[in-house]
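Coordinates in review
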Amino acid sequence: MAGTWPCCPTHTELPAMPLTPAAAPPLTPAERLWTATRDQAVKLRMEGSGPGSETPLTVHQMFLETVQNFGDHPAMASKEDSRWVTVSWREYYRQSRAAAKSFLKLGLERYHGVGILGFNSPEWFIADVGCILAGGLAAGIYTTNSPEACQYVAENCEANVLVVENHKQLVKILQVRLRSALQVRLRPYEPNHWLICVQWAEFMKLGEEVSDETLDAVIGTLRANECCTLIYTSGTTGNPKGVMLSHDNLTWTAAAAGVMTELVYGEEVVVSYLPLSHVAAQVNDLWISVKFAGTTYFASPDALKGSLGATLKEARPTAFLGVPRVWEKMQEKMKAAGAKASPLKMRVAGWAKGLGLQYNYSVMNKEPAVPWGFMLANNLVFKKVRQALGLDRCKACFTGAAPMTRETLEYFMSLNLPLLELYGMSESSGPHTVSLPEDNAIMSCGKVLRGCRTKLDRPDEDGNGEVCFWGRHVFMGYLNMADKTEEALDQDGWLHSGDLGKHDSNNFLFITGRIKELIITAGGENIPPVPIEDAVKAEASIVSNAMLLGDKLKFLSMFLTLKCEADENGEPTDDLSPEALAYCQRLGVTATKISEIVANKEPAVYAAIQEAMERINARSTSNAMKVQKWLILDRDFSITGGELGPTLKLKRPVVTKKYQEKINELYSLVPEAQG
Ligand SMILES: Nc1ncnc2c1ncn2[C@@H]1O[C@H](COP(=O)(O)OP(=O)(O)OP(=O)(O)O)[C@@H](O)[C@H]1O
C-alpha cells in the first residue's frame, strides 16, 4: 500500500477560483529508471511501504494542497519602497496561473524550456511555477553566466521563452543571438519568427484570454514521473549538464526533507538569497516552502555584498541555509569586530565561547551537560549574537553544497549556534544526508534522508568508498546526454556521486574526498587536493584560496591567492583585507596591496608561507604528496572572475585554463606549437 505524508492541518475555506481536483493523476507507464529525452517518463524508485512509498504528486497538486489549507497565509515577502509587501498563497497561485496562461499564449510548447535569468524575487518563483503548470521545463540561469553560457542553457533546453530580470541581463542575451528590447522573448531559435518583448506587468496580462479550462486541461496532463525542471550543474567538473528533475523528485524530496527536519506547516520563514538556479536554494526556498506553506523573504541583490545581515534581522528566519563561504565570511566579520572589543568584553566572550563549545560537544556526544555558568553566558553573549545576526528564531542553521572546515564548525558551536551539515547534489534533487539538531557529528554530513539509501562502492580497508544514492530524489537523467547519464547511474539505478565517503558506527556519513577532482600525477599517485589546500589556508591565514596542481605532471605545486577587499560589485580588489593586513603587521611588513607583496616577493610573507608549506609537507605520508613549488596569483578568485562557481566551489578547469602560462612556468613546460 502506498504511504502518505503527515497531513497538514485542514482549513475549510477554498480559494475563490477554479481549482482542479487534487486526486493523484496516474503515472505515465515507464519501464526504465532513467531517460535523457525531454518528453519521456521514468519508473519511480517507490518503496513497498513506509518512507519512500508515498503517493507521487505533481507540483500542481502539492501547490494546490497548500492553497486549500493556507490560502491566506503569506507565501512571499519582498521589499517595495523600504516596506515588506507580502503575497498570500492564494494570490501566488493566481499569479502562477496567469503566468502559465501567458506562457501558453506566447507559444510555450510542451517539454520546452523557459529560461529564468535573474536574482531571487517573487517574479522568479511565479515564472518557475507558471512554466511548470503550462507543461514547460523551468530552467534557472545563473546571473553570473557569460552571454555564451546563457546561450548554451537556452539552446540546450530549447527555450521558447526567456524571462529576464533587467537590462543588464537582457544585454547578455542580445549579444548572443537575436535583437530585441525588453523582458520576455518568444521562440528565439526559429529563424524569421516574430519576437515580442514585454515588461512583467504586461506579460502577466498576455494570457488573459486563455481560459481556465484550457489551462486546467494542460495541468490535467501533468504526470509526477515526467520532467518539469532543469538544474544546470555549475561546471566544477566540466561543461554544465541539464539535470532533469521530475515532479516527484521535487515534491517527494521537499516533503521528505521537511519531515526529517521537523518543519511545522504554516510557520516556517526562510530568506532567499543563494542563486535559485542552484538546487540547494531552489529546493530550500521554493519547493519546501510550497510543501510546508512557509514564507519566503527575498533578500536584495546585494545580499552577499553586505545587506544580508539587515534582511535577516527583519525577516528573522526559522531556518537558514548558507554555503560554507557564507559562514566563513560571517566568522571573519565577527572575529574582526571581536578584535576591536574592550579587554573585558574579550575576556567574557572567550569564557562564554569555551562553555559553548563544551556544551555543544556534549550534545553531539548524546550526553548533554549544561556547564556551570552556561545560562549566564547565554544571556551575556549567545542570545546577543543570535539577535545581532537575525537568527534568534532560527531552529536550525544549515551548511551544505561544499565541504566545511572544522575551525568554522567549532567557531559557531562555541557561540551556541551549531551548524548542521547537509550533503547532496543537483542529481539528488538537493539533500541526500541531513544533520539534525539532536543528531549530528562534527565534520559529518548527517544521516541519509528517510526513504533513501546509501551504498559505499568498492570500499578500501578504512571503509572509504564511492558514495552512491538510491531513492525518489535521484534525478531522471541529463537532458540529451544518454552517455553521461549512463556514467552517473549504474545498471541497477544507483547514482554514483563521484565523492568518497565513509560511515561511522552511528551511521553518520563523512565525505572524505572527491574522486571527480582527484589529482593523478605523472607517477600515477592519486592525491585528493582539498585536505592539502585546507591545511595551507589553516596554516597561513593570509591565504584566501589555494589550488593544488599536479594532474598528469611530475610533482605537486600550488596556486595561492591572498585575502583582499571586494569592490561594490563583489569583484576582488588589490587591497589586502583586514585579516591579511594583520598577518603582514605581525611579520613587520607594511604592504597594504597584493601587488606590492607579489611584485617584491615580500621576503617575510614568502618565508612565512614557505614555513607553513614545510610544516604541511612534513605531515604528508609520501614524497609524492609534498608541495614542491607554489606561487601567489595577483588577483583573488571570484564568481565574476569565473574561478568560483555559484556556491563558491573552485572551478578547477577554469583556473587551469586561465593560468596555463603560470603552470608552464612552474613546470618549465614549453607550450605546444600553434597550428
Ligand atoms: N556537505 C558537503 N560536504 C562536502 N562536499 C559536498 C557537500 N555538499 C555537496 N558537496 C559536493 O558538491 C557536489 C554536488 O554539487 P552540485 O550538484 O551543486 O554540483 P555543481 O556545483 O553544480 O558542480 P558540478 O559541475 O561539478 O556537478 C557533491 O558531489 C559534493 O562533491
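Position numbers for residues start from 1 in each chain and track the written sequence from start to end. In keeping with the predicted nature of the model, local features appear solely for residues at pLDDT of at least 70, side-chain atom pairs appear and are counted solely at 80 or more, and the whole-chain, interface and lining totals rest on all residues. To obtain the side-chain values, all non-hydrogen atoms of the structure were used and water was disregarded.

The protein chain appears in an unreviewed UniProt entry as long-chain-fatty-acid--CoA ligase from Gadus morhua.

Some thoughts on the overall build of the protein chain
The test is simple: The secondary structure listing takes helices from DSSP runs of H or I that are at least 4 residues long and strands from runs of E that are at least 2 residues long, numbered from the N terminus. Radius of gyration: C-alpha atoms only; globule rule: 2.2 Å multiplied by the number of residues to the exponent 0.38. When a residue's accessible area, from a 1.4 Å probe over protein chains only, is under 20% of the maximum for its type it is buried; when over 50% it is exposed; and in between it is partly exposed. Contact definition: two residues touch when any of their heavy atoms are within 4.5 Å. The accessible surface values rely on the Shrake-Rupley method and a 1.4 Å probe; as for residues, cover is taken only from the protein chains in view.
Looking only at helices and strands, one finds 21 helices and 27 strands in the protein chain. Over its C-alpha atoms the protein chain spans a radius of gyration of 25 Å, differing by no more than 12% from the 26 Å that the globule rule assigns to 675 residues. The principal-axis extent of the C-alpha atoms belonging to the protein chain is close to 75 × 75 × 55 Å. With 675 residues in all, the protein chain has 56% of them scored as buried. Relative to all contacts within the protein chain whose residues are 6 or more apart in sequence, the contacts with residues 24 or more apart total 67%. Accessible area of the protein chain: about 29,200 Å², with a carbon and sulfur share of 53%.

Examining the pairing of strand E3 (residues 113-117)
Note the cut-off: Here the rule is simple: two strands pair whenever DSSP picks up at least two bridges between them. Whether a crossover is right-handed depends on one test, that the path from the first strand over the helix to the second runs clockwise when the strands point away from the viewer.
Counting buried positions along E3 yields five of five residues, so the element is predominantly enclosed. Across the two faces of E3 the burial is the same, with Gly-113, Gly-115 and Leu-117 and Val-114 and Ile-116 all buried. Pairing of E3 with strand E4 (residues 137-141) involves five bridges; the strand directions are parallel. Within E4, the residue paired with Leu-117 across the bridge is Ile-141. For the crossover that starts at E3, traverses helix H3 (residues 122-133) and ends in the parallel E4, the hand is right-handed. Judged from the five bridges that link them, E3 and strand E5 (residues 159-164) form a sheet pairing that is parallel. Within E5, the position partnered with Gly-115 by the bridge is Leu-162.

A word on helix H4 (residues 147-156)
Where H4 is concerned, the buried positions are Pro-147, Cys-150, Gln-151, Val-153, Ala-154 and Asn-156. Elements in contact with the buried residues of H4: E3, E4, E5, helix H5 (167-176) and strand E7 (227-232). Residue Glu-158 follows H4 closely and has a positive phi angle near 50°.

Things to note about the sheet that holds strand E23 (residues 543-549)
Sheet strands associate in pairs through backbone hydrogen bonding, adopting either a parallel or an antiparallel arrangement. Threshold: Axis lines are fitted through C-alpha atoms, for helices just across the contact stretch, and the angle between N-to-C directions can take any value from 0 to 180 degrees.
Pairing is mixed across the open sheet formed by three strands, whose spatial order is E23-E24-E27. At either end of the open sheet lies a strand with only one pairing partner, and these are E23 and strand E27 (627-632). Shown here is a sheet whose adjacent strand axes are inclined to one another by a mean of 25°, direction ignored. Sheet analysis places E23 next to strand E24 (residues 556-562), joined by six bridges and oriented antiparallel. What sits directly across from Leu-548, in E24, is Met-558.

So, the environment of Pro-646
Within the secondary structure layout, Pro-646 lies in the loop between E27 and helix H20 (652-658). Taking the relative accessible area as the measure of exposure, Pro-646 reaches 11% and is therefore buried. Along the chain, Pro-646 and Leu-274 lie 372 residues apart, while their C-alpha atoms are 8.2 Å from each other. Filtering out sequence-adjacent residues up to four positions away, Pro-646 remains in contact with Tyr-142, Ser-234, Pro-275 and Ile-639.

What to know about the sheet that holds strand E13 (residues 419-425)
Spatially, E11-E12-E13-E14-E15 is the arrangement adopted by the five strands of the open sheet, whose pairing is mixed. In this open sheet, the two strands that pair with only one neighbour each are strand E11 (319-322) and strand E15 (447-448). Of the pairings in the sheet, the one linking E11 to strand E12 (residues 396-399) comprises four bridges and is parallel in character. The partner of Gly-322 across the bridge, within E12, is Thr-399. Those strands touched by helix H11 (residues 324-339) are E11, E12 and E13, and its axis lies near 100° from that of E11.

Things to note about a nonpolar patch on the surface
To be explicit about the condition: Note that patches include only residues with greater than 30% relative accessible area and no salt bridge, and the join distances are 9 Å for like charges and 5 Å for nonpolar side chains (Val, Leu, Ile, Met, Phe, Trp, Tyr). The rule for a salt bridge is simple: a side-chain nitrogen of Lys or Arg has to be within 4 Å of a carboxyl oxygen of Asp or Glu.
A contiguous nonpolar surface patch, about 270 Å² in accessible area, is contributed by Trp-351, Leu-376 and Leu-380. Along the chain, the position of Leu-376 falls in helix H13 (residues 374-389). Overall, Leu-376 belongs to the partly exposed group, its relative accessible area being 48%.

Here we look at the pattern of salt bridges
In total, this model carries 34 salt bridges according to the counting rule given. In this structure, the salt-bridge partner of Asp-439 is Lys-447, at a minimum N-O distance of 3.2 Å. Since its relative accessible area comes to 25%, Lys-447 is described here as partly exposed. The partner of Glu-571 in a salt bridge is Arg-635, with the nearest N and O atoms 3.2 Å apart. With Glu-571 in the loop between strand E25 (564-566) and strand E26 (572-576) and Arg-635 in the loop between E27 and H20, this pair connects stretches of sequence that are 64 residues apart.

Some thoughts on the side chain of Gln-282
Our working rule: Pairs of N or O atoms within 3.5 Å make up the polar contacts considered here, provided that, within protein, one atom can donate a hydrogen while the other can accept it, and that residues adjacent in sequence are counted only when both atoms are side-chain atoms.
Relative to the helices and strands, Gln-282 resides in helix H9 (residues 279-292). Assessed through its relative accessible area of 1%, Gln-282 is described here as buried. Within the structure, the side chain of Gln-282 is placed 3.0 Å from the backbone oxygen of Leu-276, a separation counted as a polar contact. Ignoring sequence-local partners within four residues, the contact set of Gln-282 consists of Trp-124, Asp-128, Thr-229, Ile-231, Leu-276 and Trp-287.

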